[in-house]
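Chains, contacts and geometry: an overview
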Amino acid sequence: MKFATRLLHNGNEICPRTGAASIPMYLASTYHQFDLDQPGRYDYARSGNPTREALEKTIAELESGSRGFAFSSGMAAVSTVLLLFSSGDHLVASQDLYGGTYRVMAEVLPRLGITVDFVDTTDLNRVEAAIRPNTKGIYIETPSNPTLKVTDIAGTAEIARRHGALLMVDNTFLSPVYQNPLLLGADIVIHSATKFIGGHSDVVAGLVAVKDPDLAERIGFLQNAIGAVLGVQDAWLVLRGIKTLKTRMDTATRSAETIARALANHPEVQRVYYTGLPSHPGHRLQCQQSSGHGAVLSFDVGSGERAREVLSRVRLPIVAVSLGAVESILSYPAKMSHAAMPQHVREQHGITDGLLRLSVGLEDVDDLLNDLDQALSIRTVSVASNR
């Protein structure tokens, strides 16, 4: 079946007991055991819940994995996966990661005796050079947040295999609609389902899909042991969001491509980061390993002062943390998603004070273009007024 059909018909869409067209919310925290010697499938909601299980089976199917896991947030998913590693292990990670992931790797993992080297993973030679005898994992975001650098997933997977390391891929920006890292050789794929998969700014969730059954058992153990599981009502909301995922992604992506082209020619924009532009360094690779470019783009207006002016003038996008919603969201990475990253590190990776990140929603693209143009044209208006 085509992907749009699989979103609606994946084996987890109908209640097996009643035939209801929506999996019900099982709000019970505990379950009666009819036979102590042969316990039932469920005993305690942290260890398993039918609603959450339907979501976990769905993400596994959509990402072509053997098993899926649902967590209380994207960072709960990331952190649980990183606890696969032990004191003395070494990881290689993308330089430009989501700020929360960077914070865990730079400030939490070292306390556990786990070291991390951040490298430019768009250059496979640098990835190879960063490998040590104790390297146990490679962690990448592609496209990266917020400068949309593209890493060769299959090439990185080959390096990981040769060195006996796990490849973990954050697939939040593209979702399973446009990119399937497990089919390209990755071992683990991670989503902040708060974003496109949930899609409506009304749920916080994280999802993981795993290819190897033995590795899935290890993650399942950690999920139960740590307990950062997704609540039942949130799991139901994510299941509902999944049904419209492709329609939302396709519409928002078409608008993002139009906006990226317009901003690239705007006199008040210094640089646009969007893999759908042929001028983007990762454009060709993105076209090879993914079926779409997604609805997120970033653009640099030159300074923090100009960025604040634009943020104060936009009317349609909400100015907020997060992305991937039905409404457009304009974010300021320096003070929002990447505030945890030291300024010199941010600037080194192109996350300047003038950088804005736009997650395009479902508004009419002409309305969005007009709004962005008036917000960006404040300098032109001011000069004309002075004359």
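No experiment lies behind these values; they were computed from the predicted model shown. (Residues numbered from 1 in each chain as written. Predicted model: local features only at pLDDT ≥ 70, side-chain atom pairs only at ≥ 80, totals over all residues. Heavy atoms only, no water.)

1. Thoughts on the overall build of the protein chain
The cut-off we apply is this: By the criteria applied, helices consist of DSSP H or I runs no shorter than four residues and strands consist of E runs no shorter than two, each listed in order from the N terminus. As a reference, a globule follows 2.2 Å times the number of residues to the power 0.38, and the radius of gyration itself is taken over C-alpha atoms. Contacts: residue pairs with any heavy atoms within 4.5 Å of one another.
Counting secondary structure elements, the protein chain contains 15 helices and twelve strands. In terms of overall dimensions, the protein chain is globule-like: its C-alpha atoms have a radius of gyration of 21 Å, near the 21 Å expected for 387 residues. Here the C-alpha coordinates of the protein chain stretch approximately 85 × 50 × 35 Å along the principal axes. Across the protein chain, the fraction of contacts at a sequence separation of at least 24, relative to all contacts at a separation of at least 6, is 71%.

2. Section: the layout of surface pockets
Under the convention used in this document: In this analysis a 1.4 Å probe is tested at points of a 1 Å grid over the protein atoms alone, and where it fits but cannot get out there is a cavity; an open set with protein on both sides within 12 Å along at least five of seven lines is a pocket; lining residues have an atom within 4 Å of a point. Grid points are joined across faces, edges and corners, and a volume is the space filled by probe spheres set on the points. Classes in brief: Ala, Val, Leu, Ile, Met, Phe, Trp, Tyr, Cys and Pro nonpolar; Asp, Glu, Lys and Arg charged; the others, Gly included, polar.
Reported here for the largest pocket is a volume of approximately 420 Å³. Lining of the largest pocket is provided by 23 residues; of these, Pro16, Arg17, Tyr42, Pro50 and Glu53 occupy positions nearest its centre. Of the residues belonging to the lining of the largest pocket, the class tally is twelve nonpolar, six polar and five charged. Computed from the structure, the second largest pocket encloses a volume of approximately 360 Å³.

3. Things to note about the side chain of Thr101
Tracing the backbone through its elements, the reader meets Thr101 in helix H4 (residues 99-108). Residue contacts for Thr101: discarding those within four places in its chain leaves Met75, Val78, Tyr139 and Glu141.

4. Considering the pattern of salt bridges
For clarity, the cut-off: Salt bridges are defined by distance alone: a side-chain nitrogen of Lys or Arg within 4 Å of a carboxyl oxygen of Asp or Glu. Accessibility here uses a 1.4 Å probe with only protein chains present; expressed as a share of the type maximum, an area under 20% marks a residue as buried, one over 50% as exposed, and anything in between as partly exposed.
In total, this model carries 14 salt bridges according to the counting rule given. Measuring nitrogen to oxygen at the nearest pair gives 2.1 Å for the salt bridge that ties Arg41 to Glu53. On the criterion of sequence distance, the pair formed by Arg41 in the loop between helix H1 (3-8) and helix H2 (50-62) and Glu53 in helix H2 is long-range, its members being twelve residues apart. Its relative accessible area of 54% is what places Arg41 among the exposed residues.

5. Side note on the pairing of strand E12 (residues 355-359)
Note the following rule: Strands are labelled as partners when DSSP assigns at least two bridges between them.
Of all the five residues making up E12, five are buried; the element is thus mostly covered by neighbouring parts of the structure. Side chains of E12 alternate between two faces, with Leu355, Arg357 and Ser359 and Leu356 and Leu358 buried alike. Alignment of strand E9 (residues 296-300) against E12, held across five bridges, turns out to be antiparallel. Bridge pairing in E12 links Asp300 to Leu355. Relative to E12, strand E11 (residues 329-331) runs antiparallel, the two being bridged by three bridges. Across the sheet, Leu330 pairs through a bridge with Leu358, a residue of E12.

6. Observations regarding the sheet that holds strand E7 (residues 206-210)
To keep it simple, the criterion reads: Only the stretch in contact is used when fitting a helix axis, every axis being a line fitted to C-alpha atoms; angles between N-to-C directions are given from 0 to 180 degrees.
Read from one edge of the open sheet, seven strands run E1-E7-E6-E5-E4-E2-E3, paired in mixed fashion. Strands with a single pairing partner mark the edges of an open sheet, and in this sheet they are strand E1 (67-71) and strand E3 (115-119). If you compare each strand with its neighbour and ignore which way they point, the axes differ by 20 degrees on average. With three bridges joining them, strand E5 (residues 166-170) and strand E6 (residues 188-192) adopt parallel strand pairing. Within E6, the position partnered with Val169 by the bridge is Val189. Relative to E3, H4 is tilted by about 135 degrees, and along the sheet it contacts strand E2 (90-94), E3 and strand E4 (135-141).

7. Concerning empty space enclosed by the protein
In this structure the tally under the stated criterion is one cavity of 30 Å³ or more. Taken as a whole, the largest cavity holds about 40 Å³ of empty space. As for the largest cavity, its lining consists of Phe196, Arg248, Met249, Ala252, Gly324, Ala325, Val326, Val360 and Leu362. Its residues assigned to classes, the lining of the largest cavity shows seven nonpolar, one polar and one charged.

8. Considerations on a nonpolar patch on the surface
How we decide: Exposure above 30% relative accessible area and the absence of a salt bridge qualify a residue for a patch, where like charges join within 9 Å and nonpolar side chains (Val, Leu, Ile, Met, Phe, Trp, Tyr) within 5 Å. Here the open area of atoms and residues is found with the Shrake-Rupley method and a 1.4 Å probe, where only the protein chains shown may cover a residue.
Nonpolar side chains collect at one region of the surface, where Leu83, Val108, Leu112 and Ile226 lie side by side and expose about 290 Å² of accessible area between them. Structurally, Val108 can be placed in helix H4.

9. Quick notes on the side chain of Gln179
Convention followed: In protein, a polar contact means a hydrogen-donor-capable atom and an acceptor-capable atom, both N or O and within 3.5 Å, with residues adjacent in sequence counting only if both atoms are side-chain atoms; elsewhere, any N or O pair within 3.5 Å suffices.
With respect to the helices, strands and loops of the structure, Gln179 is situated in the loop between helix H7 (175-178) and E6. For Gln179, a relative accessible area of 0% puts it in the buried group. Within the local environment of Gln179, its side chain forms a polar contact with the side chain of Ser290, the two groups lying 2.6 Å apart. Each residue touching Gln179, except ones within four places of it in the same chain, is listed here: Glu63, Thr142, Ile153, Asn171, Leu174, Gln286, Gln289 and Ser290.

10. Section: the nonpolar core
Stated formally: We call a set of buried Ala, Val, Leu, Ile, Met, Phe, Trp, Tyr and Cys residues a nonpolar core when their side-chain atoms join them within 4.5 Å.
Leu55, Ile197, Leu207 and Val238 are the most contacted members of the largest nonpolar core, which has 37 residues in total. If you list the elements that add at least two residues to this core, you get H1, H2, H7, helix H9 (232-242) and helix H10 (245-264). Sort the elements by how many residues they give to this core and H9 lands first, with five residues. In this structure, Leu55 is in contact with Ala70, Leu207, Leu230, Ala235, Val238, Leu239 and Ile242, ignoring residues within four places of it in sequence. If you look at the next biggest cluster of nonpolar residues, it comprises 29 residues, including Val78, Leu82, Val104 and Ala216.

11. Topic: the pairing of E2
Note the following rule: A right-handed crossover is one whose linking path, passing over the helix from the first strand to the second, runs clockwise when the strands point away from the viewer.
When you tally the buried positions in E2, you get five out of five residues, the bulk of the element. Inspection of the sheet shows E2 paired to E3 by five bridges, in the parallel sense. Counted as the bridge partner of Val92 is Asp117 from E3. Chirality of the crossover, the property in question, places the unit of E2, H4 and E3 among those that are right-handed. Where E2 and E4 come together, four bridges link them in parallel fashion. Bridging from a neighbouring strand, Leu91 pairs with Gly137 of E4.

These figures come from the coordinates and say nothing about function on their own.
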